[in-house]
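Single-letter residue listing:
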Amino acid sequence: RPERNKRMQIHYDLPHVGQYVKQQHKIAVDDFELQFKKELKRIEKFKPIYENTKILEVGSGIGWFPILCKKYGIACKGIDICPELVEYAHLLGRKCGVEPDIQLGNIETTDIGISAYDIVIALSTFEHVEHWQEGIRNIFKALKPAGLFYFYSTNKFSLVSGEYRFPFYGWLPNRWRYSLQKRRVGQNIMK
């Protein structure tokens, strides 16, 4: 199975990421405050968060979750596969007066530890992970006993996806969705 040995790679200088980061300059971390509080409330339905709770966010993007965690004294690390987003997250954190602990890495292959975290979260991330089963295995190894893996992803049964405002997008076969993405953003979107 040579395909099993292939992993998503970290790519530098992808044009669509640069465009996305430019758009994010218009957004402040405070704009995510309400969403942050909602996520914490949902998480705490399953597992309380204390001073010594250790959290890992997979797919940190621009870093708003780890930044707000740090601001509120919650220990949260982040991991993202995109170097531009990791760099921007650090810049955004410094603008807020904090240095977020966000590292470059691929959840499929990065060593995130064994029994290291009480909670691992992935917000709209796993629909982008090619070998998601390996990523989930990695996460479960990293969770402490009775740890919580909290995630959500695009809903196939939603009439309109948040990512692409194309009716029934999530219902399309992968091949068709990938074709639409390539036409919209370019071949590099698959990296």
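Below you will find a few notes about this structure.

About the criteria used
- Residues numbered from 1 in each chain as written.
- Predicted model: local features only at pLDDT ≥ 70, side-chain atom pairs only at ≥ 80, totals over all residues.
- Heavy atoms only, no water.
- Core = buried A, V, L, I, M, F, W, Y, C linked by side-chain atoms within 4.5 Å.
- Buried < 20%, exposed > 50% of the residue type's maximum accessible area, 1.4 Å probe, protein only.
- Helix = DSSP H or I, 4+ residues; strand = E, 2+ residues; numbered from the N terminus.
- Contact = heavy atoms within 4.5 Å.
- Salt bridge = Lys/Arg side-chain N within 4 Å of Asp/Glu carboxyl O.
- Axes fitted to C-alpha atoms, helices over the stretch in contact; angles between N-to-C directions.
- Parallel < 35°, antiparallel > 145°, perpendicular 65-115°, else oblique.
- Nonpolar A, V, L, I, M, F, W, Y, C, P; charged D, E, K, R; others polar.
- Expected span 1.5 Å × (residues − 1).
- Arc of directions from axis to C-beta.
- Disulfide = S-S within 2.5 Å.
- Pairing = 2+ DSSP bridges.
- Right-handed = clockwise from strand over helix to strand, strands pointing away.

Bringing the nonpolar core into the picture now. Within the largest apolar cluster, 26 residues are counted, with the highest numbers of intra-cluster contacts made by Phe36, Ile43, Trp64 and Phe65. Contributing elements (two or more residues each) for this core: helix H3 (33-44), helix H4 (64-71), helix H5 (83-95), strand S4 (117-123) and strand S5 (143-152). Looking at this core element by element, the count peaks at 5 residues for H4. With near-sequence residues (within four places) excluded, Phe65 lies in contact with Phe36, Glu39, Leu40, Ile43, Ile55, Glu57, Cys76 and Ile121.

With that out of the way, let us pick up the pattern of salt bridges. Counted by the stated rule, this structure contains 5 salt bridges. One salt-bridge network, in which partners are shared between bridges, spans Asp30, Glu33 and Lys71.

A word on unusual backbone geometry. Positioned with a positive phi, Ser115 is a non-glycine residue whose angle comes to about 50 degrees. Residue placement: Ser115 occurs in the loop between strand S3 (101-104) and S4. Although it is not a glycine, Ala146 adopts a positive phi angle of roughly 65 degrees. As for its position among the elements, Ala146 is in strand S5.

Turning our attention to the packing of H3 against H4. Between two packed helices, what matters for the description is the angle formed by their axes and the separation of those axes. Taken N-terminus to C-terminus, the directions of H3 and H4 make an angle of 80 degrees; their axes are 10 Å apart at the nearest point. Our classification of the angle between H3 and H4 gives roughly perpendicular. Contacts from Glu33, Gln35, Phe36, Glu39, Leu40 and Ile43 in H3 reach Trp64, Phe65, Leu68, Cys69 and Lys71 in H4. Its residues placed into classes, the contact of H3 with H4 shows 7 nonpolar, 1 polar and 3 charged.

Compared with an ideal rise of 1.5 Å per residue, which puts 12 residues at 16 Å, H3 spans 16 Å between its outermost C-alpha atoms and is within 8% of the ideal. Considered for burial, the residues of H3 that qualify are Glu33, Phe36, Glu39, Leu40 and Ile43. The buried residues of H3 all sit within an arc of 125 degrees when viewed along its axis, so they share a single face. Exposed positions of H3 whose direction lies more than 90 degrees from the buried face are Leu34 and Lys41.

Applying the stated criterion across every chain, the model contains 0 disulfides. Left unpaired, Cys76 is separated from the closest cysteine sulfur, that of Cys69, by 4.1 Å. We classify Cys76 as buried; its relative accessible area is 10%.

Burial of S4 is extensive: 7 of the 7 residues sit out of reach of the surface. Taken together, the 3 bridges between strand S1 (residues 54-58) and S4 define a ladder with parallel strand orientation. Note on S4: the bridge partner recorded for Leu56 is Val120. As judged from the 6 bridges shared by S4 and S5, these two strands associate in the parallel manner. Residue pairing in the sheet places Ala122 in a bridge with Phe151 of S5. As a crossover connection, the stretch from S4 through helix H6 (residues 132-142) into S5 is right-handed.

Treat this as a map of the structure, not an account of what it does.
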